[in-house]
Amino acid sequence: MTARLDLGNIQGLLARGYRGLRYARFTVFTIPGPAAGHAALSWLLPRVTTAAAFTADSALHVAFSAAGLRRLGLPDDVIAGFSAEFGEGMTGPDRSRFLGDVESSSPRFWGWGAPQGPPADGLVLLYAATPEILGRRQAELASRLAAAGIHQVTVLDTLELGDSEPFGFHDGISQPVIQGMSKARRGARALPAGEFVLGYPNAYGQLTDRPLLPVSGDPRHLLPRDPAGSGAADLGRDGCYLVLRQLEQDVGAFWRYAAEATRRPDGSDDPQARTALAAKMVGRWPSGAPLIKTPDADDPRLGNDNDFGYHHTDPDGLACPLGAHIRRMNPRDSLDPHPGSEESLAVSDRHRLLRRGRAYGPGTAGALASDDHAKRLAPDDSAPAAGGTGLHFVCLVASLARQFEFVQHTWLNNPNFNGLYDDTDPLAGSRHPRGATFIVPARPVRRRYRGLPQFVRTRGGAYFFLPSISALRYLEQLPAGAVSAPAAAATTR
Ligand code: HEM
């Protein structure tokens with residue numbers, strides 16, 4: 001049975017990506033102490049957009065890291081009820097290596113979120129219908145945060161939302177559908193709400209790990225009670241984890257590599273072959289058309305097509321390479337032990353991400369918004385913009401370990417993914433110094449592209465918790481270090 005979601009208590013980012021609010025800015029901040037944090041929260045709280053019906057011209061969301069929750073006054077023993085990855089943070093011991101944040105992606109080079117820099121305690125995500133509205137809301141936010149004594153660490157600007165990411169490919173097509181949300185149509189494959197929202201049954205029929213408090217820790221009864229019936233106050237319910245990573249894209253290197261690798265024997269450029277190789281790396285053509293449906297040429301009519309599996313039509317990757325970005329990030333029905341089966345789909349579904357990223361980069365806004373692929377496909381036009389271009393990658397999950405970290409480590413950066421042996425993700429994978437290979441299955445012989453440079457580097461990042469409205473209310477009134485020992489941990493997974 002589908003659990004009924006409390007949409008008025010859930011932050012709206014879980015329900016929508018705000019395609020109508022084309023302008024966004026993300027503010028990362030440090031909380032000097034509980035008083036400043038509470039003052040900022042009391043201003044923010046009435047402005048937070050919920051998942052209930054929405055028609056406004058702007059939206060606001062607020063999230064906190066584990067360090068931020070601590071600085072709001074939440075005691076360590078309560079924070080321990082969140083998952084270990086969240087507690088340790090994105091740059092915790094061994095985590096950088098695990099996530100591929102090494103060499104030029106190392107936190108040593110990050111602009112924000114690095115251990116040596118100011119702590120990324122909190123995050124405000126602002127969305128607006130016009131640049132003017134965004135500018136006004138942002139100015140108001142900055143002055144209110146300053147008045148509360150909050151320090152801004154960085155303000156991450158984004159480009160006007162178009163259809164494409166900076167390499168020039170239509171993005172944001174494939175998203176998981178959540179049971180109980182408006183997009184879940186009858187008959188459509190929808191995932192249990194607990195895969196994304198804490199405090200609801202997940203795909204294993206269990207409630208995800210989340211912090212629970214003894215009722216004495218919530219004397220004003222601000223929090224919902226544990227749906228498992230323990231009687232504890234549920235700080236996690238209706239919230240989720242939010243991953244933010246600033247991923248810089250070397251657009252020039254990407255298209256230069258594709259051009260060099262596809263030159264004709266006489267040394268001349270082959271634009272069609274260049275685009276076809278880039279599409280093989282992504283698994284979709286620039287229009288978004290999936291290679292599995294149209295392997296030889298782009299077909300913009302299929303630009304939003306997301307209705308396919310891999311195993312029955314393309315078990316060997318002749319249409320869509322086994323190592324292509326989208327085939328790695330969501331292998332659909334291609335996983336063992338029974339590819340092509342419902343069971344295989346269910347295995348992939350344990351690792352879905354709700355993506356909410358936005359592109360950034362000076363000087364490319366016009367090109368991106370106009371969807372002028374041809375313009376961007378010209379190599380001369382693709383030199384990296386000063387200050388960097390890329391994706392402020394945002395994803396929402398109920399389990400950092402099983403969803404984001406698994407996909408990043410075991411699929412994106414795994415050179416042995418799906419029987420391959422030296423291929424990390426051709427688009428966004430990290431590389432060893434000699435580069436990676438990219439295998440394109442073909443008959444009679446497959447093509448092996450060598451020396452793929454690293455096209456994407458991590459420039460900042462942090463793990464946040466996107467609390468429910470009731471949890472935000474609870475955090476706002478929290479005296480420093482007020483709550484006693486937590487109730488027993490919730491069922492895990
Ligand atoms: C700058 C880096 C990245 C770029 C340029 C990029 C680009 C793309 C593009 C063009 C698509 C196809 C559009 C779609 O299916 O919605 C896509 C799909 C996807 N990407 Fe990425 N991506 C990047 C990084 C990542 C990372 C780091 C992850 C996860 C750790 C990720 C996860 C996904 C997922 C889950 C899909 C949907 C696959 C499907 O369901 O078929 N991407 N990405």
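**Describing the confidence of the model for the protein chain**
Residues shown with low pLDDT carry predicted positions that ought not to be read at fine detail.
Thought 1: For the protein chain, the mean per-residue pLDDT works out to 91, and 91% of the residues sit at or above 70.
Thought 2: Within the model, the stretch residues 363–385 combines pLDDT values under 50 with 41 contacts to residues more than four positions away or in other chains.
Thought 3: In the predicted structure, residues 483–493 sits below a pLDDT of 50 and forms 39 contacts with residues beyond four places in sequence or in another chain.

**Description of the packing of aromatic side chains**
Thought 1: Throughout the structure, instances matching the rule amount to 22 aromatic pairs.
Thought 2: Note on Phe82 and Phe465: the rings are 4.8 Å apart at their centroids and 65° apart in plane angle, and the pair reads as edge-to-face. Residue Phe82 is found in the loop between helix 3 (76–79) and helix 4 (84–88), and its partner Phe465 is found in strand 13 (residues 456–466); the two are separated by 383 residues along the sequence. Neither residue differs from the other here; Phe82 and Phe465 are each classed as buried.
Thought 3: Here Phe404 and Tyr463 contribute two aromatic rings whose centre-to-centre distance is 6.2 Å and whose plane-to-plane angle is 80°, an arrangement assigned as edge-to-face. Here Phe404 is found in helix 13 (residues 400–412), whereas its partner Tyr463 is found in strand 13, with 59 residues between them in sequence. Grouping residues by exposure puts Phe404 and Tyr463 together as buried.
Thought 4: Members of the aromatic cluster, joined through ring pairs, are Phe167, Phe169, Phe254, Trp255, Tyr257 and Phe455.

**As for the site of the ligand**
Thought 1: The environment of the ligand is formed by 27 residues, the closest being Ile173, Ser174, His325, Arg332 and Arg355.
Thought 2: Contact between the ligand and Gly172: an oxygen atom at 3.3 Å from a main-chain N or O atom of the residue.
Thought 3: When its residues are assigned to classes, the shell around the ligand shows 15 nonpolar, seven polar and five charged.

**Quick notes on the environment of Ala324**
Thought 1: With respect to the secondary-structure elements, Ala324 resides in the loop between helix 8 (271–282) and helix 9 (325–329).
Thought 2: Dropping the residues within four chain positions of it, Ala324 is found in contact with Lys280, Met281, Val282, Gly283, Pro426 and Phe438.

**With respect to the coordination of the iron atom of the ligand**
Thought 1: One donor from the polypeptide reaches the iron atom of the ligand: His325 (NE2), at 2.1 Å.
Thought 2: Looking at the secondary structure, you find His325 in helix 9.

**Some words on the pattern of salt bridges**
Thought 1: A complete count under the given rule lists 26 salt bridges for this structure.
Thought 2: With a closest N to O distance of 2.7 Å, Glu405 and Arg95 form a salt bridge. With Glu405 in helix 13 and Arg95 in helix 5 (residues 95–99), this residue pair connects regions lying 310 residues apart in the sequence. For the pair shown, Glu405 and Arg95 are each scored as buried.
Thought 3: Salt-bridge contacts for Arg189 lead to Glu342; the nearest nitrogen and oxygen are separated by 3.1 Å. Taken together, the positions of Arg189 in the loop between strand 4 (151–157) and strand 5 (212–213) and Glu342 in helix 10 (residues 342–349) put the pair 153 residues apart, joining distant regions of the chain.
Thought 4: We classify Arg189 as partly exposed; its relative accessible area is 40%.

Conventions and cut-offs
- Along each chain, residue indices are assigned from 1 in the same order as the chain's sequence is written.
- At least 70 in pLDDT is required for a residue's local features to be given in this predicted model, at least 80 for side-chain atom pairs to be given and counted, and no such filter applies to totals for whole chains, interfaces and linings, which use all residues.
- The basis for every side-chain value is the complete set of heavy atoms in the structure, and neither hydrogens nor water enter the calculation.
- For every residue, the pLDDT score states the predictor's confidence, bounded by 0 at the bottom and 100 at the top.
- By definition in these notes, contact holds between two residues if any of their heavy atoms fall within 4.5 Å.
- Between the rings of Phe, Tyr and Trp (Trp by its six-membered ring), a pair exists once the centres lie within 6.5 Å; its type follows the angle of the planes, with under 30 degrees stacked, over 60 edge-to-face, and the other angles tilted.
- In DSSP terms, a helix is any run of H or I states spanning at least four residues, a strand is any run of E spanning at least two, and both are numbered starting from the N terminus.
- The rule is simple: take the accessible area with a 1.4 Å probe, protein chains only, and divide by the maximum for that residue type; under 20% is buried, over 50% is exposed, in between is partly exposed.
- Throughout this document, a residue counts as near a molecule or strand when at least one of its heavy atoms sits within 4 Å of that molecule or strand.
- Polar contacts here mean pairs of N or O atoms no more than 3.5 Å apart (in protein, one a potential hydrogen donor and the other a potential acceptor; neighbouring residues in sequence count only if both atoms are side-chain atoms).
- Amino acids outside the nonpolar list (Ala, Val, Leu, Ile, Met, Phe, Trp, Tyr, Cys, Pro) and the charged list (Asp, Glu, Lys, Arg) are all regarded as polar, and Gly is one of them.
- Keep in mind that water is not among the atoms, so a site may look incomplete; donors are the N, O and S atoms within 2.8 Å of the metal, or 3.2 Å for Na, K and Ca.
- Salt bridge criterion: a side-chain nitrogen from Lys or Arg within 4 Å of a carboxyl oxygen from Asp or Glu.

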